[in-house]
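The lines below spell out each chain.
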Amino acid sequence: EILNSIEFVDTFADEVVVQEGTSGDHFFIVDQGEFLVSRQNSKTGAEVELAVLTGGDFFGEEALIRAAPRGATVTSTGTGRLIRLDSEKFKKFVVAPAVPLLSADGAKSLVVGGAQLIDIREPDKYAVGAIPDSANIMLNLLRSENGTLDKQRTYIVVDETPNAASTAAFVLRAKGYDARCLNLLLEKYAVLQGIDLGQAKEALLTNNYTTCENPALPKPFLHKGNDQTPSPLASENAELSAFDKIK
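Rules of the game
Residues numbered from 1 in each chain as written. Predicted model: local features only at pLDDT ≥ 70, side-chain atom pairs only at ≥ 80, totals over all residues. Heavy atoms only, no water. Buried < 20%, exposed > 50% of the residue type's maximum accessible area, 1.4 Å probe, protein only. Helix = DSSP H or I, 4+ residues; strand = E, 2+ residues; numbered from the N terminus. Pairing = 2+ DSSP bridges. Core = buried A, V, L, I, M, F, W, Y, C linked by side-chain atoms within 4.5 Å. Polar contact = N/O pair within 3.5 Å; in protein donor to acceptor, adjacent residues only side chain to side chain. Contact = heavy atoms within 4.5 Å.

A.B. asks: Just give me the short version of the pairing of strand β7 (residues 73–76), but keep the residues and values in it.
C.D. replies: Side chains T73 and T75 of β7 all project onto a buried face; the interleaved residues V74 and S76 project onto the opposite face, where all are buried too. With two bridges connecting them, strand β2 (residues 16–18) and β7 associate as antiparallel partners. Along β7, the bridge assignment pairs V18 with V74. In the sheet, strand β4 (residues 35–40) pairs with β7 via four bridges, with the strands oriented antiparallel. Looking at β7, one finds that L36 is bridged to T75.

Structure representation (structure tokens):
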């Protein structure tokens, strides 16, 4: 069924495949050619080059999983070909089978056995309150991770908003890591573990939202921090610091 769902799309030089800030409805895998990933600097307005994608690389998953605007622009540098899958088929055939979901008890059991919690919130929120022994690595840094993490270890991704954790777990699993997704909001997990994250606890205990679903978000859980990428130099420094802490 998935073979009947994919499309092949030919591209030409300088063609913009996805535009930062627009809504997303497809997931892409590079079949042929090179594609430049860039993002506009919010202060200067200049376009900052983030990466070059080649055969086997993929993009577009974050906007689909998180139901958020495109976080970057992807441009074909020459003639190329992409494999395209629409949003619903992507979730059904790629994300759902690929990302294992964990209950609070399941996550705690794995952590006792040596698994590492990865908290993908922004550093300022992490500093206010965090799960003990968790590592703070933002989503954009996980995307650029290149063999620093231990492929013999299990990683459990947590976040304060639905869908973000499943995006990060999907990215890590695509890189060959055993990554799981905590199937409840970070704050609710913290409350169940008796940890104070400096958040309103009563509301968290009464909602049923999870990090791996796609509900209409109540306002207390909305934020767009992971949609903002620091400058390349800032990202590099943050990446070194974050990964050093879990070696």
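Structure's up, so let's keep going.
A.B. asks: Just give me the short version of the nonpolar core, but keep the residues and values in it.
C.D. replies: Taken as a class, soluble globular proteins show a tendency for nonpolar side chains to be buried jointly. Of all hydrophobic cores here, the largest spans 27 residues; its most connected members are F90, I118, L142, F170 and L172. Elements supplying a minimum of two residues to this core: α1 (61–66), α2 (87–98), α5 (139–144), β12 (154–158), α6 (164–174) and β13 (178–182). Among the elements that make up this core, the one with the highest residue count is α6 (six residues). Within the second largest apolar cluster, 15 residues are counted, among which are L182, L186, I195 and L197.

A.B. asks: Break down the pairing of strand β3 (residues 26–32) for me, with residues and values.
C.D. replies: The pairing of β3 with strand β8 (residues 80–86) spans six bridges and is classified as antiparallel. The residue bridging F27 from the neighbouring strand is L85, located in β8. When β3 meets strand β6 (residues 58–59), the two strands line up antiparallel, connected through two bridges. Counterpart to I29 in the pairing with β6 is F58.

A.B. asks: Could you give me a rundown of unusual backbone geometry, with the residues and numbers involved?
C.D. replies: Here D14, not a glycine, exhibits a phi torsion of approximately 70°, which is positive. In this fold, D14 is placed in the loop between β1 (7–11) and β2.

A.B. asks: So what about the side chain of Q116? Which residues, and what values?
C.D. replies: Its place among the elements puts Q116 in strand β10 (residues 116–119). Among the polar contacts made by the side chain of Q116, one reaches the main-chain carbonyl oxygen of D133 at a distance of 2.9 Å.

A.B. asks: Let's hear about the environment of L64: which residues, and what values?
C.D. replies: Looking at where L64 falls in the secondary structure, it is placed in helix α1. Separated by 22 residues in the primary sequence, L64 and D86 place their C-alpha atoms 9.2 Å from one another. Every residue in contact with L64, bar those within four places of it in the chain, is listed here: G24, D25, H26, F27, S87, F90 and K91.

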